[in-house]
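Spelled out, the chains give:
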Amino acid sequence: MTSTELLASHERELVELLARDYGLRGSLVALPGEQDANLRLTTDAGSVLVKVAAVGTDAHLLDMQIAALEHVRHAAPDLCIPHTITNHNGTTRSSLTVAAHERVVWLATWLDGTVLAKQPHVDTTLCEGLGATLGKLDRALLTFDDPRADRLLKWDLRQAGWIERDLDAVEDAQLQDVLASVHNRFTSLQGQLDQARRSVIHNDANDYNVLVAPGGRVCGLIDFGDICRTALVAEVAIACSYAAMHLRDPLQAIDAVTRGFHRELPLTEQEIALIVPLIETRLAVSLVNAAMQ
């Protein structure tokens, strides 16, 4: 059920929940979301992000995501990320019944900004700022230790070998050959990837999860739903994969993101050598996943 469908069929129940559990009243607007239903609640005091988890969401993984947000809030208070909002019971989760299913509801602070995907002008300065922001975030997450972060996740680049069995979903034969080549290269680098530093990372700095302020400065990171413990350098590669699409010379974007990250959290030579292969891997995962859907 999309955010729009949820709002159309259960707006009254959600409005009642927000008033009862959080003392919040205002107007709701549906926002995009791959799995969760995301809504913006606008009150007299400002806006709040309302998230209604998808049916079957693992509550333990959701708690881990919330714990990571709170860890970063204390470890790096200058970073602009969402902060969770507790309800009247002092907890971060409420429950909404949707089509006979209980769905977790949780709230976070609203971050203003334009998503990078819709930014009219992207330059190397903005890309370097993105890398630096992610470097600060991952430096804070180095001290976040949660066993729930070791999870089975198709978006974890260390687990990207799954694309081989689903290459047939890609109808274009030439593209399928390219993806097979990327998979083969990924497989050949598996040993190096296994030896690379591991840490908990955001894992999804695509251009819809990066907010930009007027003037072209990164002012926020959103959607921590794919957070996991994986190769630290994957954070850089994922951000580069999307930033590169916005510059005429993709390598300039890749260099700038890497430079910004390296300034805040230095990378080893071995990690830097993995960036381009992991960019190819991320794009292959995205293409195969899209073909399957």
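Placed above this text is the structure.
Residues numbered from 1 in each chain as written. Predicted model: local features only at pLDDT ≥ 70, side-chain atom pairs only at ≥ 80, totals over all residues. Heavy atoms only, no water.

Describe the overall build of the chain, and please don't skip the residues or the numbers.
From N to C terminus, the chain includes eight helices and eleven strands. On C-alpha atoms alone, the chain measures out to a radius of gyration of 20 Å, which is about the 19 Å that the 2.2 N^0.38 rule sets for 293 residues. Dimensions of the chain along its principal axes, counting C-alpha atoms only, are 55 × 40 × 40 Å. Looking at the chain as a whole, 51% of its 293 residues are labelled buried. Nonlocal contacts in the chain, meaning residues at least 24 apart in sequence, comprise 72% of its contacts between residues at least 6 apart. (Helix = DSSP H or I, 4+ residues; strand = E, 2+ residues; numbered from the N terminus. Rg over C-alpha atoms; globule rule 2.2 N^0.38 Å. Buried < 20%, exposed > 50% of the residue type's maximum accessible area, 1.4 Å probe, protein only. Contact = heavy atoms within 4.5 Å.)

Now, about the pattern of salt bridges: what can you tell me, with residues and values included?
Applying the stated criterion across every chain yields a total of 16 salt bridges. Between R20 and D21 there is a salt bridge; the shortest N-O distance is 2.9 Å. Close ionic contact of R185 with E280 constitutes a salt bridge, the shortest N to O distance being 3.1 Å. Of this pair, R185 sits in helix α4 (residues 173-188) while E280 sits in helix α8 (residues 269-292), placing them 95 residues apart in sequence. By relative accessible area, R185 is classed as partly exposed at 37%. A single salt-bridge network, built from bridges that share partners, covers E128, D255, R259 and R263. (Salt bridge = Lys/Arg side-chain N within 4 Å of Asp/Glu carboxyl O.)

Describe unusual backbone geometry, naming the residues involved and giving the relevant values.
With a phi close to 75°, N203 is a non-glycine residue in the positive phi region. Locating N203 in the fold gives a position in the loop between β8 (198-201) and β9 (210-213). Backbone geometry places D223, a non-glycine residue, at a positive phi of 60°. Tracing the backbone shows D223 in the loop between β10 (217-221) and β11 (228-231).

Quick rundown of helix α1 (residues 3-22)? Include the residues and the values.
With 20 residues, α1 ought to run about 28 Å at 1.5 Å a step, yet its terminal C-alpha atoms sit only 20 Å apart, falling short of that. At H10, α1 shows its largest kink, close to 85°. Those residues of α1 not exposed but buried are S3, L6, L7, H10, L14, L17, L18, A19, D21 and Y22. Looking at the buried residues of α1, the elements they touch are β1 (27-31), β2 (37-43), β3 (46-52), β4 (84-85), β5 (94-98) and β6 (101-109). (Expected span 1.5 Å × (residues − 1). Bend = angle between axes of the 7 residues up to and from the residue.)

So, the nonpolar core: which residues are in play, and what are the values?
Core analysis: the largest hydrophobic core is formed by 75 residues, its most contacted members being V72, C127, L130, L134, L137 and I275. When residues no more than four places from it in sequence are discounted, the contact partners of C127 are V122, A243, L247, A253, A256 and V257. Residues L7, L17, L18 and V48 belong to the second largest nonpolar core, which totals 18 residues. (Core = buried A, V, L, I, M, F, W, Y, C linked by side-chain atoms within 4.5 Å.)

Summarise the packing of α4 against α8; cite the residues concerned and give the values.
A pair of packed helices is characterised by two quantities: the angle between their axes and the separation of those axes. Axis separation between α4 and α8 bottoms out at 9 Å; the angle between their running directions is 135°. By the criterion of interaxial angle, the relationship of α4 to α8 is oblique. As α4 packs across α8, the resulting crossing turns out to be left-handed. Listed contacts from α8 to L175, L179, V182, R185 and F186 of α4 are P277, E280, T281, A284, L287 and V288. Of the residues belonging to the contact of α4 with α8, the class tally is eight nonpolar, one polar and two charged. (Axes fitted to C-alpha atoms, helices over the stretch in contact; angles between N-to-C directions. Parallel < 35°, antiparallel > 145°, perpendicular 65-115°, else oblique. Left-handed = near helix turned anticlockwise from the far one by under 90°. Nonpolar A, V, L, I, M, F, W, Y, C, P; charged D, E, K, R; others polar.)

Requested: an account of the sheet that holds β10, with residues and values cited.
Across the sheet, which stays open at both edges, the three strands sit in the order β7-β9-β10 with antiparallel pairing between neighbours. Both outer strands of the open sheet, β7 (114-115) and β10, are each paired with one neighbouring strand and no more. Sheet topology note: the β9/β10 ladder contains four bridges and is antiparallel. Within β10, the position partnered with V212 by the bridge is V218. (Pairing = 2+ DSSP bridges.)

If you had to explain the pairing of β1 to someone new, which residues and values would you point to?
Strand direction decides the pairing type here: β1 and β2, joined by five bridges, are antiparallel. Its bridge partner lying in β2, L31 is registered against N38. Here β1 folds back onto β2 in antiparallel fashion, the turn holding five residues.

Before we move on, can you summarise α8 with the specific residues and values?
If you check α8, its first and last C-alpha atoms are 35 Å apart, about what 24 residues at 1.5 Å a residue would give, namely 34 Å. I275 marks where α8 bends most, by close to 35°; the proline P277 follows one to four residues later.

Break down the packing of helix α6 (residues 233-243) against α8 for me, citing the residues and quoting the values.
Where α6 meets α8, the axes come as close as 8 Å, and the angle between the chain directions of the two elements is 55°. Judged by the angle between their axes, α6 and α8 are oblique. For the crossing formed where α6 meets α8, the hand is right-handed. Together, V233, A234, V236, A237, I238, C240, S241 and Y242 of α6 and E271, L274, I275, L278, I279, R282, L283 and S286 of α8 make up the contact between the two elements. Across the contact of α6 with α8, the residue classes tally to twelve nonpolar, two polar and two charged.

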